[in-house]
Amino acid sequence: MATADNAPAPWRDLLKSHMDQTPGYEFTIATVGFDENQRPIPRVRTCGCRGFFPEVKLHPKSKEDMEQQVKDGGNPDTYESDMLCFTTDIRMEKLDQLETSGHAVEAVFWLKDVMTQWRVKGKAFAIGDPRGEDLEREKDARKELHTFLRVKKNCDGSISDWTWDRATTKYFANHSPLARGSFKFPSPGLPRSQDPKDPALQMGQRVTDLHDPVARGNFRVVVIQPEEVERLDLSNQEDMRRWKWTRSSSNAEKGQSGWIETEVWP
Ligand SMILES: Cc1cc2nc3c(=O)[nH]c(=O)nc-3n(C[C@H](O)[C@H](O)[C@H](O)COP(=O)(O)O)c2cc1C
């Protein structure tokens, strides 16, 4: 399977440094839904941004869990990408909306400490079905995302040892036991008065098993392939500035990074 052999996106280092300067940031994720008359409607919600897939810096306790429960303590440190990601529950509405809208997504951050808004428009794919690639709700999701992975310059380990299962397990491990338990809540969005029936689905559970079948059955990592990125810099009120980067597949084919930068009026 091919991976991206192009350079990192020109906006990546700056966005990363802005995120690094903003501890505990969330972003707003927009998808497109359809009402009962098949009219497109915007849907937005807050999600925790988990940085660029598949790199996630684990808390010491999560690292210990990975070392004890996952072969080799997880994947070798071989890949990086320009794809931001977040985690979610397969029972929430956003995944249906991604499927019915051709994966359309937009993410927006307002990083006040650096007075900058970042917007990332693109396609999003959910991965993480513990039963494997063939049973993933979106059959080609992993294949799609693989083309956007880049082998790291100082690649540590063998690519052939890298697996999607270990990549998604690492994101699950990065949640606290109580947060992992949220993937065993009664179905999000159903009336609280309705008995969930399944005794495995309860509030307030602590999950220490990284392969808990119920929680992992519901847990997914959503990965965004960026197509257009915009930075709005409000740090100087007298000279606000805005840049737009668009990805062009024809440039990528020529071996360039594939991104065209344009500064626009704010
Ligand atoms: C601070 C904060 C962080 C959140 N983080 C996430 C998250 O990482 N993933 C997620 O699916 N929902 C997260 N939520 C809940 C969502 O905003 C939303 O209620 C939920 O995803 C259901 O949305 P949906 O049915 O439209 O998919 C978060 C909410 C808040 C307020």
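Side chains bearing opposite charge may pair, as long as their charged atoms lie close to each other. Inspection of the entire model under this criterion finds 30 salt bridges. Here Arg150 and Glu80 are joined by a salt bridge, their closest N and O atoms 3.0 Å apart. You can see Arg150 sitting in strand β7 (residues 150-156) and its partner Glu80 sitting in strand β3 (residues 77-80), a full 70 residues away along the chain. Glu80 matches Arg150 in its accessibility class, with the two residues each being buried. Across the pair Asp89 and Arg91 runs a salt bridge, and its minimum N-O distance is 2.8 Å. Overall, the relative accessible area of 3% leaves Asp89 in the buried class.

Turning next to the site of the ligand. Looking at the ligand, the residues that line it are Glu26, Arg45, Thr46, Cys47, Gly48, Thr87, Thr88, Met92, Glu93 and Lys94. In the model, an oxygen atom of the ligand is placed 2.7 Å from a nitrogen or oxygen of the Arg45 side chain. In the environment of the ligand, an oxygen atom lies 3.0 Å from a nitrogen or oxygen atom belonging to the backbone of Glu93. Against a free-state accessible area of 620 Å², the protein chains account for coverage of 61% of the ligand. Secondary-structure elements contributing two or more residues to the shell around the ligand are β2 (40-48), β4 (84-89) and α3 (93-100). Among the elements that make up the shell around the ligand, the one with the highest residue count is β2 (four residues).

Before going further, it helps to examine the UniProt feature "domain: Pyridoxamine 5'-phosphate oxidase Alr4036 family FMN-binding" (unreviewed entry) in the protein chain. Annotation from UniProt places "domain: Pyridoxamine 5'-phosphate oxidase Alr4036 family FMN-binding" (unreviewed entry) at residues 9-127. Note that residues 9-127 is 23% helix and 40% strand, and that its end C-alpha atoms are spaced 23 Å apart.

This part takes up the nonpolar core. Across soluble globular proteins, nonpolar side chains show a tendency to be buried alongside one another. If you look at the biggest cluster of nonpolar residues, it comprises 30 residues, and the most contacted ones within it are Trp11, Met19, Phe27, Leu84 and Phe109. Looking at this core, the elements that each hand over two or more residues are α1 (12-20), β1 (26-34), β4, α3, β5 (104-111), β6 (116-127), β8 (219-233) and β9 (241-247). Not counting residues within four places of it along the chain, the set of residues in contact with Phe27 comprises Arg45, Thr46, Cys47, Gly48, Cys49, Leu84, Cys85, Phe86, Ala107, Val108 and Phe109. Listed in part, the 27 residues of the second largest apolar core include Phe53, Val56, Ile127 and Ala167.

Relative to the helices and strands, Arg142 is located in helix α4 (residues 141-146). Assessed through its relative accessible area of 9%, Arg142 is described here as buried. Spatially, the C-alpha atom of Arg142 lies 18 Å from that of Gly51, the residues being 91 residues apart in sequence. With residues up to four places along the chain from it excluded, the contact list for Arg142 reads Ile127, Gly128, Asp129, Gly132, Glu133, Glu136 and Trp164. At 2.6 Å, the side chain of Arg142 and the side chain of Glu136 are in polar contact.

Rules and cut-offs
- Residues numbered from 1 in each chain as written.
- Predicted model: local features only at pLDDT ≥ 70, side-chain atom pairs only at ≥ 80, totals over all residues.
- Heavy atoms only, no water.
- Salt bridge = Lys/Arg side-chain N within 4 Å of Asp/Glu carboxyl O.
- Helix = DSSP H or I, 4+ residues; strand = E, 2+ residues; numbered from the N terminus.
- Buried < 20%, exposed > 50% of the residue type's maximum accessible area, 1.4 Å probe, protein only.
- Near = heavy atom within 4 Å.
- Polar contact = N/O pair within 3.5 Å; in protein donor to acceptor, adjacent residues only side chain to side chain.
- Areas by Shrake-Rupley, 256 points an atom, 1.4 Å probe, with all protein chains shown as cover.
- UniProt positions renumbered as here; feature names shortened; annotations may be inferred.
- Core = buried A, V, L, I, M, F, W, Y, C linked by side-chain atoms within 4.5 Å.
- Contact = heavy atoms within 4.5 Å.

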